[in-house]
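Here is what each chain is made of, one letter per residue.
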Amino acid sequence: MRQLGRVDGGTYGRAFLLLARNPTLMLGPFLAAIASAVLLLVFSVPQFGGNGVLGAINGGIVGLIVQILDGFGLGLALIGADTALRRGRAAFDDMWDQARRRAGDLFIAALGFNFVIWIAQLVGGFIPFGSLALSLIALFFFIYTLPAAAIGGIPGGAALQVSLERAQRNLLPTALVTVVYVVAYFLLPSYGVNLAASVLQIAPMLPIDPVVVLSSAVIKAIGAGYLAIVLAKAYNDASYGRRY
């Protein structure tokens, strides 16, 4: 039972109410999503190296920057979620100040986390469905990397090891929060694209790119804000026991 861990099911319901009272939790992921979309739009233009070797290099660099931006946005939301869980409210100024102080650790943690996922995808690519399976396994064991750096006070370089230890000792809570992560960062953004397509059918005179970007960013921000609350709670429970 110690390895399975205890699931605080009430957290997943309370998180909706807490997010409604603290919409600032969505601001970091929203801004990160907008910045990422702008980067992808700009560097997909041929004159920026959209084809050939230069395009591949640019694509890899831009993709890495996008992942780090998403990581920082989620880290910002995690800081606010931790405060909101303890106090009921989280001010964006306080979240931003703490994120700036921990920017180096957040950067390293986001880089390490995405590198591990990339390695899992690369290795799994040699077997059918292996890329997806190994990516999910890597996500499961290293999902606490950003919380460790953002709210746990763990140096970015040690956050991966801390995440591995927390996940191994808390299998059930980690499995649930992994499902939320997949929904927030993979399924919901695709729903945003579908929503944008519906809007464009109703109002075809609207510009395509801004509608798609805004729709995806808003929905991703909502999912990321919710994820930040349940992930912060799961990390704190795994690290210190149930505190709130």
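Residues numbered from 1 in each chain as written. Predicted model: local features only at pLDDT ≥ 70, side-chain atom pairs only at ≥ 80, totals over all residues. Heavy atoms only, no water.

To continue, consider the overall build of the protein. Along the protein, the regular secondary structure elements total 10 helices and 0 strands. The helix and strand sequence of the protein, counted from the amino end, reads α-α-α-α-α-α-α-α-α-α. Each of the 244 residues in the protein was classed as buried or not, and the buried ones make up 46%. Considering only intrachain contacts with a sequence separation of at least 6, the fraction spanning at least 24 residues in the protein is 74%. Put simply, the protein shows about 12400 Å² of open surface, and 70% of that area lies on carbon and sulfur atoms. (Helix = DSSP H or I, 4+ residues; strand = E, 2+ residues; numbered from the N terminus. Buried < 20%, exposed > 50% of the residue type's maximum accessible area, 1.4 Å probe, protein only. Contact = heavy atoms within 4.5 Å. Areas by Shrake-Rupley, 256 points an atom, 1.4 Å probe, with all protein chains shown as cover.)

Moving on, we come to the packing of helix α6 (residues 130–142) against helix α8 (residues 159–169). Two elements in contact, α6 and α8, have axes whose closest approach is 7 Å; the angle formed by their N-to-C orientations is 95°. Put simply, α6 runs roughly perpendicular to α8. Contacts from Phe-140, Phe-141 and Phe-142 in α6 reach Leu-160, Ser-163, Leu-164, Ala-167 and Gln-168 in α8. Each residue belonging to the contact of α6 with α8 can be placed in one class, and the counts come to 6 nonpolar, 2 polar and no charged. (Axes fitted to C-alpha atoms, helices over the stretch in contact; angles between N-to-C directions. Parallel < 35°, antiparallel > 145°, perpendicular 65-115°, else oblique. Nonpolar A, V, L, I, M, F, W, Y, C, P; charged D, E, K, R; others polar.)

Moving on, we come to the packing of aromatic side chains. For the coordinates displayed, the defined rule picks out 7 aromatic pairs. Aromatic side chains Tyr-144 and Tyr-235 sit 6.2 Å apart centroid to centroid with 50° between the ring planes, which places their arrangement in the tilted category. Here the residue Tyr-144 occupies a position in the loop between α6 and α7 (145–150), and Tyr-235 occupies one in helix α10 (residues 208–240), the gap between them amounting to 91 residues. The burial state of Tyr-144 is the same as that of Tyr-235; both residues are buried. Feature note: the residues Phe-113, Tyr-181 and Tyr-185 constitute an aromatic cluster, connected by ring pairs. (Phe/Tyr/Trp six-rings, centres within 6.5 Å; stacked < 30°, edge-to-face > 60°.)

In this model, the largest pocket occupies a volume close to 700 Å³. Along the wall of the largest pocket there are 26 residues; nearest its centre are Gln-67, Asn-114, Ile-117, Gln-121 and Phe-186. Counting residues per element, the lining of the largest pocket draws most heavily on helix α5 (residues 103–124), at 8 residues. Taken together, the residues that form the lining of the largest pocket break down as 18 nonpolar, 6 polar and 2 charged. (1 Å grid on protein atoms, 1.4 Å probe; cavity = no way out; pocket = protein on both sides within 12 Å on 5 of 7 lines; lining within 4 Å. Points joined across faces, edges and corners; volume = space filled by probe spheres on them.)

Attention now moves to α5. Here α5 is 22 residues long and its end C-alpha atoms lie 31 Å apart, about the 32 Å a rise of 1.5 Å per residue gives. For α5, every residue scored as buried is listed here: Leu-106, Ala-109, Ala-110, Gly-112, Phe-113, Asn-114, Val-116, Ile-117, Ala-120 and Gly-124. (Expected span 1.5 Å × (residues − 1).)

Turning our eyes to something else, we now look at the nonpolar core. Counting 55 residues, the largest nonpolar core has Leu-78 and Leu-227 as its most contacted members. Per element, the largest residue contribution to this core is 11 residues, and it comes from α10. The residues touching Leu-227, leaving out its near neighbours within four places in the chain, are Leu-74, Val-177, Val-180, Tyr-181, Ala-184 and Tyr-185. (Core = buried A, V, L, I, M, F, W, Y, C linked by side-chain atoms within 4.5 Å.)

Bringing helix α4 (residues 92–101) into the picture now. Restricting attention to buried positions, one finds in α4 the residues Met-95, Gln-98 and Ala-99. Here the buried residues of α4 occupy an arc of 100° about the axis, which is enough to place them on one side. In this structure, α4 carries Asp-93, Arg-100 and Arg-101 as exposed residues pointing more than 90 degrees from its buried face. (Arc of directions from axis to C-beta.)

Helices that pack against each other are described as a pair by the angle of their axes relative to one another and the distance between those axes. One can describe the packing of α5 onto α6 by two numbers: an axis separation of 7 Å at closest approach and a directional angle of 155°. Between α5 and α6, the angle is such that the two are roughly antiparallel. Handedness of the crossing formed by α5 with α6: right-handed. Here Phe-113, Val-116, Ile-117, Ala-120, Gln-121, Val-123 and Gly-124 of α5 come into contact with α6, specifically with Gly-130, Ser-131, Leu-134, Ser-135, Ala-138, Leu-139 and Phe-142. Classifying every residue of the contact of α5 with α6 gives 9 nonpolar, 5 polar and no charged. (Left-handed = near helix turned anticlockwise from the far one by under 90°.)

So, on to the environment of Asp-105. Mapped onto the secondary structure, Asp-105 falls in helix α5. Once the C-alpha coordinates of Asp-105 and Gly-153 are considered, the two residues, 48 residues apart in sequence, prove to be 9.0 Å apart. Setting aside chain neighbours within four positions, we find Asp-105 in contact with Ala-149, Ile-154, Pro-155 and Gly-156.

What follows concerns empty space enclosed by the protein. Summed over the entire model, instances satisfying the criterion amount to 1 cavity of 30 Å³ or more. Its boundaries defined by the atoms lining it, the largest cavity holds a volume of some 30 Å³. If you go around the largest cavity, the residues you meet are Leu-74, Phe-113, Ile-143, Thr-145, Leu-146, Pro-147, Tyr-181 and Leu-231. With 3 residues, the single largest contributor to the lining of the largest cavity is α7. Taken together, the residues of the lining of the largest cavity break down into 7 nonpolar, 1 polar and no charged.

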